[in-house]
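These are the residues of each chain, in order.
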Amino acid sequence: MDSVTEIFLKLLFLISVRNWNMVVAGNKYNCDDQLVSGLPQSSFSSSSELSSSHSPGFARLNRREGAGGWSPFVSNKYQWLQVDLGERAEITAVATQGGYGSSDWVTSYLLMFSDSGRNWKQYRQEESTWAFSGNTNADSVVYYKLQHSIKARFIRFVPLDWNPNGRIGMRIEAYGCMYRSEVVGFDGKSCLIYTFNQKLMSTLKDVISLKFKTMQSDGILLHREGQNGDHITLELLKGKLSLLINLGDDKTHSSNTQINITLGSLLDDQHWHSVLIEHFNNQVNFTVDKHTHHFHAKGEFNYLDLDYEGNISFLCLEPQVIPVTFLSSRSYLALPGTSGQEEVSISFQFRTWNKEGLLLSSKVHRSSGGFLLYLSDGKVKINLHKPGKTLSDISAGAGLNNGQWHSVFFSAKRNRISLIVDNDMTSSVHASISLQIYSADTFYFGAPGFMFLSGCPNSGNNSECKTSFGGFQGCMRLISIGNKAVDMNSVQKNIFGNFSNLQIDLCGIIDRCLPNYCEHGGECSQTWNSFYCNCTNTGYKGATCHYPIYEQSCEAYKHRGNTSGFYNIDSDGSGPLGPFLVYCNMTDATWTIIQHNNTNLTRVKSANRENPHTVFFKYSASLDQLQAAINHAEHCEQELAYHCKKSRLLDKTDGLPLSWWIGRTNETQTYWGGSSPTVQKCACGIEGSCIESQHYCNCDADRNEWTNDTGFLSYKEHLPVTEIVITDTDRPNSEAAYRLGPLLCRGDRAFWNSASFNTETSYLHFPTLHGELSADVSFFFKTTASSGVFLENLGIQDFIRIELYSPSEVIFSFDVGNGPSEVTVQSLTSLNDNQWHYVKAERNIKDASLQVDQLPQKFHAAPPDGHIRLQLNSQLFVGGTASRQKGFLGCIRSLQLNGMALDLEERAKITPGVEPGCPGHCSSYGNLCHNGGKCKEKYSGFSCDCSFSAYAGPFCKKEISAYFGTGSSVIYNFQEYYTFTKNSSSHASSFYADMTLSRETITLAFRTTRTPSLLLYVSSFYKEYLSVILTRNGSLQIRYKLDSHQDPDVFTTNFKSMADGQLHHVKIDREEEMLLVEVNQNERMKFILSSGTEFNAIKSLILGKILENSDVDEETMKASSQGFIGCLSSVQFNHIAPLKSALHHGSSAPIIVKGRFTESSCGTLTGTDSTLSETTHSFADHSGPIDEGEPLNNASRNDSAIIGGVIAVVIFIVLCITAIAIRIYKKKSIYSKNETKGSENEDSAESALKSELSTQNTASENQKEYFF
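For the chain, the name recorded in an unreviewed UniProt entry is Contactin-associated protein-like 4, with Cairina moschata as its organism. Recorded in UniProt under Subcellular location (unreviewed entry), the annotation for the chain is "Membrane". Reading the Sequence similarities (unreviewed entry) entry of the UniProt record for the chain gives the comment "Belongs to the neurexin family."

This is the structure in structure tokens:
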């Protein structure tokens, strides 16, 4: 069987393309023979030679003939040495020397290859252009094993740098073997046909492989049709290879049976590209060059016979097209024109990734004007002008920076111009202009002619060497001037025209988006020199969309100072899983709440084993995301309530379950809430409290009355519940109802995971860090040492290291093969202050970055062409180094590598010199405790003690507010407090021990429309007092009487009426006779007391109406007679919080409450949106079991659950909208009346405020009740 048949075995296909060539895979054997040493001198050629004794024929390795090597006439970057191997060979290695016994050698060079001696291709590895390091002397041999072999007939060495004290000198060798293959060529009308054998045979594995080369961007390579309508098509589309597999029946036309995969790019470059399709069982591997896509498909291929039709040639014809590469914006190609001709006609093809760039420019003969042909925003435009005036600016085409070849035809005859792009006459442009155009002497491609841009020739008048157009970077070919093709061979030999910074006879375009290094769905775009990632809406950031913008857990959000609310979390950090939305409940313990699609109590009837009731639960995250979140958490639980009436969970007769649930592991579970996985019981069976002792579940008693088995499932490996199955509700009076709560997870195992390094020689070691193309490391540290290595991982040459270099300097250093690189962050303050500091380092193929705390992030750009893979092989050392540099003394916490947490504590338990855990969190996180809250240390973290704060919540930020009705009063008795605490060592006791104050700090917030009002009153046993009132005109007034024999000091704030229904904050500070008053955190006033400096024998503090007999001034009495009607919030007198004591500690505090007094959310900033307050129970409250009576008032039948749910949601939304509309209307009404009527109609305003506050409270309660 011939080799073509072997390759295309079992395949029916049709090829129909233009100018195509295909080749089958070549031979496989030892391939390291010398390919150059035995060649005749005629096989060698070069750009030039210094003399006949320096000719290229003397460039064989280790030979001394002639001058002992090749040297060009001039040493510059346009020189090259070329070898014709006689036939195609597989080249696996190369070696170089300098000129024998000379000072001439090359220090770096490029390697190029070609099948025809034309259209060269540059050798690349790691998807970047790779310059080989050359020699350091004349006679040593530098040998390179190629990472991937080259299959070509011609190779070319292009020197880049050489010995500065000599010239270019080379002797070379190439190693490999001859590469023989069967070749078939197509003319665009021919095809190879493979037909089925009579005996069809199927195989377990099918392989199709081929190589092709073409200059065409579109065409079908292969097509196969089966007997059932299934087919396979391999097609080139815009230079990319598309594999279409249709496995469906023609009768079904199912789109689900179609698979379309696209691989490769720029495949129309007239170079060989390999294709491999492997089909094994249902797995298909599709490979183009080095890029593979794996997917699943069904179907089989069959044995085939070979035939052909049309003009088939079993050889490979090479089109003689010479492309040119414009390497930079300074590159230009100057070609002569025929001066003075009436008609100008120029055509060429180009390809580029840049949106902007000057393609062609020239002066206009007999005129000082000229024209520019340029790319702007991916369109070709013409700019015609003469001095001081632009005559025309027209455009054609769009999206021409897509890397494809595009043709341009420009013609002008006198005052008529035409522009045609891609031979598309519909978008061609024709125009008449007021400028006579004649052919000029020179046409400049790339940099401009009469305005040379940055690519100015070194000679001539450069006064006009400036323009706003950037130079062109890309490839051109098929250049024609005056309908005559330009001979680029003559240009290359400097016979025709001139050029600068070009590569002739190759197109050096690279698709930098293949492979796509943008992670997490980032969109890749590119220019000639680089690629860019658009990370919008991915949830990630950075040069390659690698690093997450969201925290990994609610615990992390909490310790950034966030309050309860909805947050996106990314449980695996920079790993493959995306972020998802959860509710974070920031209590003393941080709860993460993940909802599912069915939280209703659902009623079930008529279910049996043959026809079970099955319900599936879909969560707001994927199972992989849920698993990551659960693994992060310290504890997870999920409430499962099962209500039953003659509906059992277990059939005792056969021991088989009658109802069960399925969790994340897809295993059937027969234990229920409150029990453990090891026993088939319910909570009552564990506690011994079942209604019938012989059963382990209440429902198994099978009673004809409602009971339930309800509890929390807390075995993390089984959570969350994904399915419930019920089978015992088809007997008379048999019925069940179930409800599954949200998944609740507490804490973050990784966030506080830490280790203490006690000696400089101690360290922890972990498996090697794997992050060839991208890696990130983040952690917290605290230390008193001046320096130390945080972590290090080594390779043979590569390494990565993060260290505290000095007390104020952190350095991230690494090497991926391009030499060591460093990123440094300097801090203005010392980092060895024994407080926690955050470090985040990232390295990808575009850049490296380092951030410390909130300091500006520092970056280090990667070289555009170089090694990109970080290759490590040692263990990862944490807190020390393998090289025995100075280790780290201190603590490291929450160490994450590529989003995965390392368990420092477990490893520290078995490592000498390292201890698990690290105390002392308050020094860093104490500032999160607000409003007088005190930070308290915990083993894992800290907590805020709000005992002496007027606020509550995990960070003492939740305002404590209350509504005061008519005549209500809250009295806090200091004397009783003194008696109760006089033997205590508390701060408050010592503060009030002598009952005399020379200073006090008072804070409060209020909302009211009633004047006059008494906000606060403090009395004394000596008839001294302090009162804070609103006067009749709404002004705030502070009245101090510190001498019973004098009239009180009265201080009135210069502020507009504060009885406007808005929330106002007041702070009063007194130290002896100095009084400072602050209103709404911006109005500050200073007063001096004259009545005294000491407040003696204080007795009580009163909010609202004064009910006791008091000797106070007339204004205070008037205010007290009205009391206070409205909202008071966050009241604090020194370290006493009377409002908080009355609401939360009424039974233990020396407090008396009279009248209508209710807790409210009226003290929030807006007073109209209680969601701004720090809610700590809406989502995380673990609702207890439903009444053990009939639960059906809140249940929905299984056959109407969906409809009922939809109706409930609609009704709820309508009610919410109505309530909000009423509230907004009432608020508008209240404050518009206040503006116009002021205090004239106080009763009406008071009533309106009551109504508003009532509406807020109702809305708040409704929100909590229906939050799910």
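That shown, we press on.
Counting its secondary structure elements, the chain contains 13 helices and 89 strands. Across the 1268 residues in the chain, those meeting the buried criterion constitute 54%. A separation of at least 24 residues holds for 70% of the contacts in the chain among residues at least 6 apart in sequence. Surface exposure of the chain reaches about 55,300 Å², of which carbon and sulfur atoms provide 49%.

Applying the stated criterion across every chain, the model contains 37 aromatic pairs. Judged by centre distance (6.3 Å) and plane angle (55 degrees), the ring pair of Tyr332 and Tyr444 falls under tilted. Of the two residues, Tyr332 sits in strand β24 (residues 332-336) while Tyr444 sits in strand β32 (residues 442-446), which places them 112 residues apart along the sequence. Each member of the pair, Tyr332 as well as Tyr444, is classed as buried. Ring geometry for Phe780 versus Tyr838: centroids 5.0 Å apart, planes at 50 degrees, classification tilted. Here Phe780 is found in strand β57 (residues 774-782), whereas its partner Tyr838 is found in strand β62 (residues 837-844), with 58 residues between them in sequence. Looking at Tyr838, the relative accessible area reads 24%, which means it is partly exposed. A cation over an aromatic ring shows up here: Arg156 above the ring of Trp80, its NZ or CZ 3.8 Å from the ring centre. One Lys or Arg, Lys846, reaches over the ring of Tyr532 and ends 5.0 Å from the middle of that ring.

Attention now goes to the pattern of salt bridges. Evaluation of the coordinates by the stated rule reveals 29 salt bridges. The partner of Glu772 in a salt bridge is Arg869, and the shortest N-O contact between them spans 3.3 Å. Of this pair, Glu772 sits in the loop between β56 (764-766) and β57 while Arg869 sits in the loop between β64 (858-861) and β65 (876-878), and the two are 97 residues apart along the sequence. Overall, Arg869 belongs to the partly exposed group, its relative accessible area being 24%. The salt bridge involving Glu1115 is made with Lys1118; its shortest N-O contact spans 4.0 Å. Highlighted residues: Glu1115 and Lys1118, both in helix α10 (residues 1114-1122), separated by three residues, approximately one helical turn. Of the residues examined, Glu1115 reaches a relative accessible area of 33% and is grouped as partly exposed. Among the charged side chains, a salt-bridge network with shared partners connects Arg648, Asp702, Asp728 and Arg731.

Turning our attention to the state of the cysteines. Considering all chains together, one arrives at 15 disulfides under this definition. The residue that forms a disulfide with Cys518 is Cys533, at a sulfur-sulfur distance of 2.0 Å. Since a negative S-S torsion denotes a left-handed disulfide, the Cys518-Cys533 link at about -85 degrees is left-handed. Taken together, the residues Cys518 in the loop between β36 (502-504) and β37 (523-526) and Cys533 in strand β38 (residues 531-534) connect sequence positions 15 residues apart. The same class applies to Cys518 as to Cys533, namely buried. Here Cys929 is linked by a disulfide to Cys944, with a sulfur-sulfur distance of 1.9 Å. Because the sign of the S-S torsion sets the handedness, a value of about -85 degrees for the bond joining Cys929 and Cys944 places this disulfide among the left-handed ones. Placement of the pair is Cys929 in the loop between α7 (922-925) and β69 (934-938) and Cys944 in strand β70 (residues 941-945), with a sequence separation of 15 residues. For the pair shown, Cys929 and Cys944 are each scored as buried.

Another aspect to go through is the sheet that holds strand β79 (residues 1036-1041). An order of β80-β79-β78-β77-β85-β74-β87 is seen for the seven strands of this open sheet, with the pairing classed as antiparallel. Single-partner strands in this sheet number two, and they are β80 (1049-1052) and β87 (1151-1154). Pairs of neighbouring strands in the sheet enclose a mean axial angle of 10 degrees, with direction left out of account. Pairing analysis gives six bridges linking strand β78 (residues 1025-1030) to β79, with the strands arranged antiparallel. From the neighbouring strand, Leu1026 faces β79, where its bridge partner is Tyr1040.

Extensive coverage of β79 is indicated by the burial of six of its six residues. Residues Leu1036, Ile1038 and Tyr1040 of β79 are buried on one face, and the alternating residues Gln1037, Arg1039 and Lys1041, pointing to the opposite face, are buried as well. Between β78 and β79, which pair antiparallel in sequence order, lie five residues; one of them, Gly1034, sits at a positive phi of approximately 90 degrees.

With that out of the way, let us pick up the environment of Phe888. Its place among the elements puts Phe888 in the loop between β65 and β66 (890-897). Beyond its immediate chain neighbours, meaning those up to four positions away, Phe888 contacts Phe757, Thr759, Phe781, Lys782, Thr783, Gly788, Val789, Phe790 and Gly879.

Within the largest apolar cluster, 44 residues are counted, with the highest numbers of intra-cluster contacts made by Leu1016 and Leu1026. Apart from the residues within four sequence positions on either side, Leu1016 is in contact with Ile1002, Leu1004, Leu1026, Ser1027, Val1028, Leu1101, Ile1102, Leu1103 and Val1131.

All right, on to unusual backbone geometry then. Here the bond from Leu514 into Pro515 is cis, since omega is -5 degrees, no more than 30 degrees from zero. The residue Pro515 is located in the loop between β36 and β37 in this model. In this structure, Leu266 takes a positive phi of about 55 degrees despite not being glycine. Among the secondary structure elements, Leu266 is positioned in the loop between β18 (258-263) and β19 (273-280).

With that settled, the discussion passes to the sheet that holds strand β45 (residues 613-616). Here four strands make up an open sheet; going across it, the order is β45-β52-β49-β50 and the pairing antiparallel. Looking at the sheet topology across the chains shown, the edges are occupied by β45 and β50 (668-669). With four bridges connecting them, strand β49 (residues 659-662) and strand β52 (residues 723-726) associate as antiparallel partners. Looking at β52, one finds that Ser659 is bridged to Ile726.

Okay, the UniProt feature "domain: EGF-like" (unreviewed entry) in the chain next. Per the UniProt record, "domain: EGF-like" (unreviewed entry) is found at residues 509-546 and 919-957. In residues 509-546, helix accounts for 0% and strand for 26%; the two terminal C-alpha atoms are 26 Å from one another. For residues 919-957, the helix share is 10%, the strand share is 31%, and the end-to-end C-alpha distance is 25 Å.

Okay, a nonpolar patch on the surface next. On the surface, Met1074, Leu1076 and Ile1088 cluster together into a nonpolar patch covering about 250 Å² of accessible area. Checked against the element boundaries, Leu1076 lands in strand β82 (residues 1074-1079).

Moving on: helix α4 (residues 623-632). Given 3.6 residues per turn, any residue in an α-helix points the same way as the ones three and four places further on. Within the sequence span of α4, burial applies to Gln625, Leu626, Ala628, Ala629, Ile630 and His632. Against β42 (580-586), β43 (590-594), β46 (635-645), β54 (743-746) and β66 lie the buried residues of α4.

Before going further, it helps to spend a moment on the pairing of β32. Counting buried positions along β32 gives four out of five residues, so the element sits mostly inside the fold. Judged from the five bridges that link them, β24 and β32 form a sheet pairing that is antiparallel. Bridge pairing in β32 places Leu335 opposite Phe443. The sheet contact formed by strand β26 (residues 357-363) and β32 spans two bridges and is antiparallel. Its bridge partner being in β32, Ser361 is matched across the sheet by Tyr444.

Before going further, it helps to examine the confidence of the model for the chain. When pLDDT is averaged along the chain, the result is 82; 81% of the residues meet or exceed 70. Considering only residues more than four positions removed or in separate chains, one finds that residues 1-27, a stretch of pLDDT under 50, has 129 contacts. Throughout residues 1167-1190 the model reports pLDDT below 50, and contacts reaching past four residues in sequence, or to other chains, amount to 67 contacts.

What follows deals with the environment of Ser849. Within the secondary structure layout, Ser849 lies in strand β63 (residues 847-852). Take Ser849: its relative accessible area is 2%, and that puts it in the buried class. Taking the C-alpha atoms as reference, Ser849 lies 8.2 Å from Phe812; in sequence the two are 37 residues apart. With near-sequence residues (within four places) excluded, Ser849 lies in contact with Phe812, Val823, Lys840, Ala841, Glu842, Gln857, Lys858 and Phe859. There is a polar contact of 3.2 Å between the side chain of Ser849 and the side chain of Gln857.

This part covers α10. Inspection of α10 places Thr1116, Ala1119 and Ser1120 among the buried residues, and these make up the whole buried set. For α10, the angular spread of buried residues about the axis comes to 100 degrees, placing them on one side. Tucked inside the fold, the buried residues of α10 contact β77 (1013-1020), β78 and β79. One side-chain oxygen at the N-terminal end of α10 lies 3.2 Å from the backbone nitrogen of Glu1115; it belongs to Asp1113. Gly1123 sits one or two residues past α10 and shows a positive phi near 70 degrees.

What counts, and where the lines are drawn
Residues numbered from 1 in each chain as written. Predicted model: local features only at pLDDT ≥ 70, side-chain atom pairs only at ≥ 80, totals over all residues. Heavy atoms only, no water. UniProt positions renumbered as here; feature names shortened; annotations may be inferred. Helix = DSSP H or I, 4+ residues; strand = E, 2+ residues; numbered from the N terminus. Buried < 20%, exposed > 50% of the residue type's maximum accessible area, 1.4 Å probe, protein only. Contact = heavy atoms within 4.5 Å. Areas by Shrake-Rupley, 256 points an atom, 1.4 Å probe, with all protein chains shown as cover. Phe/Tyr/Trp six-rings, centres within 6.5 Å; stacked < 30°, edge-to-face > 60°. Lys NZ or Arg CZ within 6 Å of the ring centre and 35° of its normal. Salt bridge = Lys/Arg side-chain N within 4 Å of Asp/Glu carboxyl O. Disulfide = S-S within 2.5 Å. Pairing = 2+ DSSP bridges. Axes fitted to C-alpha atoms, helices over the stretch in contact; angles between N-to-C directions. Core = buried A, V, L, I, M, F, W, Y, C linked by side-chain atoms within 4.5 Å. Patch = residues over 30% accessible without salt bridge, like charges linked within 9 Å, V, L, I, M, F, W, Y side chains within 5 Å. pLDDT = per-residue confidence, 0-100. Polar contact = N/O pair within 3.5 Å; in protein donor to acceptor, adjacent residues only side chain to side chain. Arc of directions from axis to C-beta.

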